[in-house]
Amino acid sequence: MGCEVDDQYWMKQALELAAEASERNEVPVGAVVVLNDQIVGRGFNCPISGCDPSAHAEIQALRDAAKHLDNYRLVDATLYVTIEPCSMCAGAIVHSRIKRLIYGALEPKAGVATSQILFFDQPWLNHLVEVKGGVLADECSSMISEFFARRRDEKRQSKLDGCVEDSNPETQA
């Protein structure tokens with residue numbers, strides 16, 4: 001497979017994990033760590049259900065890969081994640097020695113690969129990570145947008161349900 005085809009293939013695997021997060025009512029972000037054409041780590045967002053603010057998809061995938069490889073250094077591995085990483089995840093990516101980071105959609109509010117700062121281009125970092133964004137960006141962005149649209153609808157509906165007057169004459173005094 002060509003590099004672009006490979007990147008799309010692995011990003012689809014990350015999207016499947018993002019869908020799993022969405023099913024659990026977590027923000028739908030998924031990530032996989034790939035080494036030698038094999039997934040060695042998987043993760044999806046679960047900070048809410050896990051009561052863990054660090055349980056982002058990238059962190060989960062890095063932890064899974066480190067356990068699988070029995071090494072906290074993930075040299076020559078590629079991390080695929082459906083959305084641009086935040087600062088916490090960017091730091092973990094550098095410390096894990098990931099070779100390549102491939103992400104899908106931009107994260108305009110908190111993304112640090114491109115959107116807010118060019119974190120991975122900072123001269124003080126002790127490890128350089130190759131970064132490529134925009135792989136299956138439309139699919140990744142749509143999943144997030146649909147999730148938040150659904151959540152807004154659910155919130156609106158619950159407010160409406162709480163405000164509905166009881167129109168049953170038998171229950172009125």
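Note that this is a predicted model, so its numbers are computed, not measured.

*Asks:* I keep staring at the pattern of salt bridges and nothing clicks. Help me out?
*Replies:* Side chains bearing opposite charge may pair, as long as their charged atoms lie close to each other. Across all of its chains, the model carries 6 salt bridges by this definition. Between Asp 7 and Arg 100 there is a salt bridge, with the nearest N and O atoms lying 3.2 Å from each other. Of this pair, Asp 7 sits in helix H1 (residues 3-23) while Arg 100 is found in strand E4 (residues 100-105), placing the two residues 93 residues apart along the sequence. Assigned by exposure class, Asp 7 and Arg 100 land together as buried. It is possible to trace a salt-bridge network through shared partners that takes in Asp 7, Arg 100, Glu 130 and Lys 132.

*Asks:* I tried to follow the packing of helix H2 (residues 57-69) against helix H3 (residues 87-96) on my own but got confused; where do I start?
*Replies:* Helix packing geometry: the angle between the two helix axes and the distance between the axes. It is the contact of H2 with H3, at a shortest axis distance of 9 Å, that shows an interaxial angle of 20°. Comparing the axis directions of H2 and H3 gives the class roughly parallel. As for the relative orientation of H2 and H3, their crossing is left-handed in sense. For the pair formed by H2 and H3, the contact residues are Glu 58, Ile 59 and Leu 62 on the first element and Met 88, Cys 89, Ala 92, Ile 93 and Ser 96 on the second. A class-by-class count of the residues in the contact of H2 with H3 yields 6 nonpolar, 1 polar and 1 charged.

*Asks:* Help me understand the pairing of strand E3 (residues 78-83) in this model?
*Replies:* Put simply, side chains in a regular strand alternate between the two faces of the sheet. With 6 of 6 residues buried, E3 is to be regarded as a mostly interior element. Here strand E1 (residues 30-35) pairs with E3 via 4 bridges, running antiparallel. Paired with Ala 31 across the strands is Val 81, a residue of E3. As paired elements, E3 and E4 share 5 bridges and run parallel to each other. Directly across from Tyr 80, in E4, lies its bridge partner Ile 102. Remark: the E3/H3/E4 crossover connection has right-handed handedness.

Definitions and limits used
- Residues numbered from 1 in each chain as written.
- Predicted model: local features only at pLDDT ≥ 70, side-chain atom pairs only at ≥ 80, totals over all residues.
- Heavy atoms only, no water.
- Salt bridge = Lys/Arg side-chain N within 4 Å of Asp/Glu carboxyl O.
- Helix = DSSP H or I, 4+ residues; strand = E, 2+ residues; numbered from the N terminus.
- Buried < 20%, exposed > 50% of the residue type's maximum accessible area, 1.4 Å probe, protein only.
- Axes fitted to C-alpha atoms, helices over the stretch in contact; angles between N-to-C directions.
- Parallel < 35°, antiparallel > 145°, perpendicular 65-115°, else oblique.
- Left-handed = near helix turned anticlockwise from the far one by under 90°.
- Contact = heavy atoms within 4.5 Å.
- Nonpolar A, V, L, I, M, F, W, Y, C, P; charged D, E, K, R; others polar.
- Pairing = 2+ DSSP bridges.
- Right-handed = clockwise from strand over helix to strand, strands pointing away.

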